[in-house]
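Secondary and tertiary structure notes
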Amino acid sequence: MNFLAPSRLLLLLALLALVGLYVAVQVRRGRYAVRFTNLALLEKVAPVAPGWRRHVPAAAFLLMMGLFVTGFARPATEVRVPREQATIMLALDVSASMEADDVPPNRLEAAKRAAVSFLDGVPSRFNVGLVSFSGTATVNVQPTTDRRALRAGIEGLTLGPRTAIGEGVIASLEAISSFGAQYGESAPPGRIVLLSDGTNTAGRNPQVAAERANQARIPVSTIAYGTPDGVFYNNGAAVPVPVDGPALERLARETGGRFYEAATGGELRQVYQDIGSSIGYRTETREVWVWFIGAGLLLACVTAAASLLWFSRLP
């Protein structure tokens, strides 16, 4: 918690002065009582001493003033609130290299699981679509808030030959543009999250796709998953498929997106959580002075009630 008007907390010094004055008065009163030596007469003419109760109204009053001063200094705290509506396209690489099992059980299955986890963390009002790409790109699910349709689309992905990263980005851009056309100038902002092991072997160059993404002002965040030692088997023959992180990092950097590396299923899930957080929420400063003022008013009632109950007078 922080204070938007911290200089007002200096008023607490005045409150400390009141505490010191109260203590001084109590000490002086005690000394006066000791000087009155006729204790038998004192017991007859003086009322029964209230003991600790006489300090309760004063303590409650001082605490009340402390809460009021704290509220006057405008205390605030940071809270996460949902952002405005957005359109997100998940672009998943389904090329044969995704069969490599260096990310257990294999790259594609790990990506599917991570994609489903991502959906769980995205605000329900966000529209999310799905594109898969191998030698070509396919829009499997148009942007929608129907999470069941998206999960079914993710689970139904199958492997294909070659890898067309540029086509995956362009298909995602076209899906976002078509969906946003119904809103006109008030179309929600778009973003692409692309998962691949990074080596483009078909279709348009990712550089061309990056230029189009920049023109549309749609950042592309990329996740490179796999390891340098990845291998898949083609007709029994081992085919090395090392992850190409630099290519995906360049795509993210050129479009204003973020690049992530993930070698295991656990890391992939965390990456998706990070992206979901950055897309779905913003941090706002909210003032919480009302709670301090409310507590102060409650203590004011306690002060008045204790004074009336024990001393038959208001403080």
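Relevant structure appears above.
Attention in this report is confined to the structure presented alongside it. (Residues numbered from 1 in each chain as written. Predicted model: local features only at pLDDT ≥ 70, side-chain atom pairs only at ≥ 80, totals over all residues. Heavy atoms only, no water.)

1. Some thoughts on the pairing of strand β3 (residues 87–93)
The test is simple: Exposure classes here rest on a 1.4 Å probe applied to the protein chains alone. A residue is buried below 20% of its type maximum, exposed above 50%, and partly exposed in between. The helix count covers DSSP runs of H or I at least four residues long, the strand count covers runs of E at least two residues long, and both are numbered beginning at the N terminus. Pairing between two strands is assigned when DSSP locates at least 2 bridges connecting them. If the strands point away from the viewer and the path from the first strand over the helix to the second runs clockwise, then the crossover is right-handed.
Within β3, seven of the seven residues are buried, which leaves it mostly tucked inside the rest of the structure. Judged by which residues are buried, β3 turns out to be covered on both faces: T87, M89, A91 and D93 on one side and I88, L90 and L92 on the other are all buried. As paired strands, β3 and strand β4 (residues 127–133) are joined by seven bridges and run parallel to one another. By the bridge assignment for β4, I88 is matched with V128. Taken together, β3, helix α4 (residues 107–121) and β4 constitute a β-α-β crossover, and its handedness is right-handed.

2. Some thoughts on the packing of α4 against helix α5 (residues 147–155)
Under the convention used in this document: Between N-to-C directions, angles cover 0 to 180 degrees, with each direction set by a line fitted to C-alpha atoms, over the stretch in contact for helices. An angle counts as roughly parallel when it lies under 35 degrees, as roughly antiparallel when it exceeds 145, as roughly perpendicular when it falls between 65 and 115, and as oblique in every other case. Two residues qualify as a contact provided that any one of their heavy atoms is within 4.5 Å of a heavy atom in the partner residue.
Look at α4 against α5: their axes get within 10 Å of each other, and the N-to-C directions meet at 170 degrees. With respect to α5, the element α4 is oriented roughly antiparallel. Counting all contacts with α4, which are made through K112, A115, V116, L119 and D120, the residues of α5 involved are R147, L150, R151, I154 and E155.

3. A few points about the pattern of salt bridges
Pairing between side chains of opposite charge can happen when their charged atoms approach one another. Our working definition: Here a salt bridge means any side-chain nitrogen of Lys or Arg lying within 4 Å of a carboxyl oxygen belonging to Asp or Glu.
Evaluation of the coordinates by the stated rule reveals seven salt bridges. D197 is the salt-bridge partner of R107, the closest N and O atoms lying 2.8 Å from each other. With R107 in helix α4 and D197 in the loop between β6 (190–196) and α7 (206–216), this residue pair connects regions lying 90 residues apart in the sequence. Here the two residues R107 and D197 agree in accessibility, since each one is buried. Salt-bridge contacts for D120 lead to R151; the nearest nitrogen and oxygen are separated by 2.5 Å. Of this pair, D120 sits in helix α4 while R151 sits in helix α5, placing them 31 residues apart in sequence. Here the residues in one salt-bridge network are D102, R107 and D197, joined through shared partners.

4. Describing unusual backbone geometry
Across the chain, the bulk of peptide bonds are trans and the bulk of non-glycine residues have phi less than zero. The amide bond that connects P104 to the next residue, P105, takes the cis arrangement and shows omega of -5 degrees. Within the element layout of this structure, P105 appears in the loop between β3 and α4. The phi dihedral of R162 falls on the positive side, at around 65 degrees, and the residue is not glycine. Along the chain, the position of R162 falls in the loop between α5 and α6 (165–180). Since its relative accessible area comes to 53%, R162 is described here as exposed. One non-glycine residue, R217, adopts positive backbone phi at about 55 degrees.

5. Some details on the sheet that holds β4
With mixed pairing, the six strands of this open sheet are ordered in space as β5-β4-β3-β6-β7-β10. Each edge of the open sheet is held by one strand with a lone partner, namely β5 (137–144) and β10 (259–262). Averaged over all pairs of adjacent strands, the angle between their axes in this sheet comes to 15 degrees, without regard to strand direction.

6. Description of the packing of α6 against α7
Going by this rule: Crossing handedness is defined as follows: a turn of the near helix away from the far one that is anticlockwise and smaller than a right angle gives a left-handed crossing, while the clockwise case is right-handed. Three classes are used, and their members are as follows: Ala, Val, Leu, Ile, Met, Phe, Trp, Tyr, Cys and Pro are nonpolar, Asp, Glu, Lys and Arg are charged, and the others, Gly among them, are polar.
Axis separation between α6 and α7 bottoms out at 8 Å; the angle between their running directions is 20 degrees. By the angle class used here, α6 and α7 are roughly parallel. Here α6 runs over α7; the crossing is left-handed. Residues I165, G166, V169, I170, L173 and E174 of α6 pack against P206, A209, R212, A213 and A216 of α7. Counted by class, the contact of α6 with α7 contains eight nonpolar, one polar and two charged residues.

7. So, the packing of aromatic side chains
Going by this rule: When two rings of Phe, Tyr or Trp (its six-membered ring) have centres within 6.5 Å they constitute a pair, described as stacked for plane angles under 30 degrees, edge-to-face for angles over 60, and tilted for the intermediate range. We call a charge positioned above a ring when the Lys NZ or Arg CZ atom is no farther than 6 Å from the ring centre and deviates by at most 35 degrees from the ring normal.
Summed over all chains, the structure comprises one aromatic pair. When the centroid spacing of 5.7 Å and the interplanar angle of 55 degrees are considered together, the rings of F179 and Y183 count as tilted. For Y183, a relative accessible area of 29% puts it in the partly exposed group. Above the ring of F72, the side-chain terminus of R8 is found at 4.4 Å from the ring centroid.

8. Some details on the nonpolar core
What counts here: Take the buried Ala, Val, Leu, Ile, Met, Phe, Trp, Tyr and Cys residues and link them wherever side-chain atoms come within 4.5 Å; each set so joined is a nonpolar core.
Core analysis: the largest hydrophobic core is formed by 31 residues, its most contacted members being L90 and I223. Here this core takes seven residues from α4, the largest share from any one element. In this structure, A171, I176, I192 and L194 belong to the second largest nonpolar core, which totals 21 residues.

9. Re a nonpolar patch on the surface
To keep things clear, this is the line we draw: Candidates for patches are residues over 30% relative accessible area with no salt bridge; among them, like charges are joined within 9 Å and nonpolar side chains (Val, Leu, Ile, Met, Phe, Trp, Tyr) within 5 Å. Note on areas: these come from Shrake-Rupley sampling with a 1.4 Å probe, and a residue is covered only by the protein chains present in the view.
Together, L18, L21, V25 and F61 make up an exposed nonpolar region whose accessible area comes to about 340 Å². Mapped onto the elements of the fold, F61 is located in helix α3 (residues 56–72).

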